[in-house]
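# Examination of the molecular architecture
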Amino acid sequence: MFAVQYHRYGGSEVLAVDEVEEPHAGPGRVRIAVRATGVTPADWYLRSGMLRDFVSLDLPHIPGMDAAGIVDEVGEGVTGSAVGDAVFGLVPFADRGGAAAEYAVLEAWAPKPRSWSFGEAGGAAGNVDTATRVLEALDAVEGMTLLIEGAAGGVGTITAQLARARGLTVIGTAGEGNHGFLEGLGVVPVTYGPGLADRLAALAPRGVDVVLDAAGKGSLAELVAIAGDPNRVVTIADFDAARHGVRFSRSEAGGSPGWAGLPLAADLADQGRLTVPLHAAFPLEETAAAHDASAAGHARGKIVITVP
């Protein structure tokens, strides 16, 4: 099969489309013919080598953490899925990639919503997993107010919608150009940056209950002050979290509590209550451009790679 891979750490120029051996579905897993895969910051963190002291990769490495496509192999012990099913899901955590290819193996998946294109579904699973995991970590329940720092990105948009489905009020930081976009998702927009607490006072006079930092722009000290307690703040993007007493949430080996969110997301999507805003879609041979667009940090919604 054809896949994108890199043989050494570096910038996006190290990415190339090569012919590689096909993977196959092991026990409890399915293989899909990939139609689309999402791009996450973890993809280019790993590719750049910035995580090499923490994560060991076998090079060459194929990026891509989540994908959507058509099941074409079903592993031993799998029930409820059959060849020909359209699904979206996540590659095995231990592989830390593999979806930017013609075929990929999934260890967690759900039926693709009828209302989503393959592009939308291809960029959904990782963000649904993250959003579900974060909301559980924050004990986010009906009646609370959630502040999302960096609400217009892929994780922010999905977290906001899942939180609203739980009955939370959501306030999201973004540049003024994205305020209308957030309002369309049912989010109360506010401009990010110094003075955020003062701007929030008029929007949430009773205060903010819980906070997600999805931006990683060094604002944790202010976010902790806004929440009133570091235990009410979770970040997925600021590696300086421990210094502020804040939890850093990431996927772990052995299964994620966020996997339970995949079928729920599919149901919400087909009820018209969950969308996957797409910032841009790039063909497989332009994966380098997709990585660069993600690293630029200005995406409004999700960046995906499509596979012919």
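Definitions and cut-offs
- Residues numbered from 1 in each chain as written.
- Predicted model: local features only at pLDDT ≥ 70, side-chain atom pairs only at ≥ 80, totals over all residues.
- Heavy atoms only, no water.
- Axes fitted to C-alpha atoms, helices over the stretch in contact; angles between N-to-C directions.
- Helix = DSSP H or I, 4+ residues; strand = E, 2+ residues; numbered from the N terminus.
- Left-handed = near helix turned anticlockwise from the far one by under 90°.
- Contact = heavy atoms within 4.5 Å.
- Nonpolar A, V, L, I, M, F, W, Y, C, P; charged D, E, K, R; others polar.
- Core = buried A, V, L, I, M, F, W, Y, C linked by side-chain atoms within 4.5 Å.
- Buried < 20%, exposed > 50% of the residue type's maximum accessible area, 1.4 Å probe, protein only.
- 1 Å grid on protein atoms, 1.4 Å probe; cavity = no way out; pocket = protein on both sides within 12 Å on 5 of 7 lines; lining within 4 Å.
- Points joined across faces, edges and corners; volume = space filled by probe spheres on them.
- Pairing = 2+ DSSP bridges.
- Salt bridge = Lys/Arg side-chain N within 4 Å of Asp/Glu carboxyl O.
- Parallel < 35°, antiparallel > 145°, perpendicular 65-115°, else oblique.
- Phe/Tyr/Trp six-rings, centres within 6.5 Å; stacked < 30°, edge-to-face > 60°.
- Lys NZ or Arg CZ within 6 Å of the ring centre and 35° of its normal.

## A few points about the packing of helix 6 (residues 196-203) against helix 7 (residues 220-227)
The geometry of helix 6 relative to helix 7 is characterised by a closest axis approach of 10 Å and an angle of 35 degrees between their N-to-C directions. Handedness of the crossing formed by helix 6 with helix 7: right-handed. Residues L196, A197 and L200 of helix 6 lie in contact with helix 7, whose contacting residues are E222, L223 and I226. Here the contact of helix 6 with helix 7 is built from residues that sort into 5 nonpolar, no polar and 1 charged.

## Observations concerning the nonpolar core
The biggest cluster of nonpolar side chains holds 43 residues, and the ones touching the most others in it are F88, W116, L146 and L274. Taken together, the elements giving at least two residues each to this core come down to strand 5 (86-90), strand 7 (108-111), helix 3 (125-137), strand 8 (145-149), helix 4 (154-165), helix 5 (179-184), strand 11 (210-213) and helix 8 (261-270). Residues I32, Y45, V78 and L106 belong to the second largest nonpolar core, which totals 35 residues.

## Details of the layout of surface pockets
There is about 350 Å³ of room inside the second largest pocket. In terms of lining residues, the second largest pocket is bounded by 21 residues, among which H61, I62, D95, G97 and G98 are the most central. For the lining of the second largest pocket, the leading source of residues is strand 6 (residues 103-106), giving 3 residues. A breakdown of the residues in the lining of the second largest pocket according to their chemical character gives 12 nonpolar, 5 polar and 4 charged.

## Structural notes on the sheet that holds strand 13 (residues 247-248)
Judged by pairing direction, the sheet is parallel, and its 6 strands sit side by side in the order 10-9-8-11-12-13 without closing on themselves. Each of the sheet's edge strands pairs with one partner strand only, and the pair in question is strand 10 (188-190) and strand 13. Against the sheet, helix 7 touches strand 8, strand 11 and strand 12 (233-235), its axis set at about 155 degrees to strand 12.

## Structural notes on the pattern of salt bridges
Close approach of charged atoms allows side chains of opposite charge to pair. What the rule picks out here adds up to 8 salt bridges. The salt bridge partner of E107 is R29, with a shortest N-O separation of 3.7 Å. Of this pair, E107 sits in the loop between strand 6 and strand 7 while R29 sits in the loop between strand 2 (16-19) and strand 3 (30-38), and the two are 78 residues apart along the sequence. The class of E107 is buried, set by a relative accessible area of 19%. Residue R243 pairs with D240 through a salt bridge whose shortest N-O separation is 2.9 Å. Given a relative accessible area of 64%, R243 falls into the exposed group. Classification of D240 as partly exposed rests on a relative accessible area of 31%. Taken together, the shared-partner salt bridges in this structure form one network comprising E22, R31, D72 and E73.

## A closer look at the packing of helix 1 (residues 41-48) against helix 9 (residues 287-295)
Two packed helices can be described by the angle between their axes and the distance between those axes. Two numbers describe how helix 1 lies on helix 9: the axes approach to 9 Å, and their chain directions differ by 105 degrees. On the basis of their axis angle, the class for helix 1 and helix 9 is roughly perpendicular. Along the contact surface, helix 1 presents P41, D43, W44 and R47, while helix 9 presents H291, S294 and A295. A per-class count over the contact of helix 1 with helix 9 returns 3 nonpolar, 2 polar and 2 charged.

## Describing the packing of aromatic side chains
Under the counting rule described, the total for this entry stands at 4 aromatic pairs. Taking 5.5 Å as the distance between ring centres and 75 degrees as the angle between the ring planes, the aromatic pair formed by F88 and W116 counts as edge-to-face. Of the two residues, F88 is situated in strand 5 and W116 in the loop between strand 7 and helix 2 (118-122); the sequence distance between them amounts to 28 residues. For F88, a relative accessible area of 0% gives the class buried. Judged by its relative accessible area of 3%, W116 falls in the buried class. Both rings, one in F239 and one in F248, keep their centres 5.3 Å apart while their planes meet at 20 degrees; by these two values the pair is stacked. Overall, the relative accessible area of 49% leaves F239 in the partly exposed class. Residue F248 is classed as partly exposed on the basis of its relative accessible area of 26%. A network of ring pairs unites the aromatic residues W44, Y45, F239 and F248 as a single cluster. Positioned above the aromatic ring of Y103, the side-chain terminus of R31 is 4.2 Å from the ring centre. The ring of F118 has K112 lying over it, and the distance from NZ or CZ to the ring centre is 5.0 Å.

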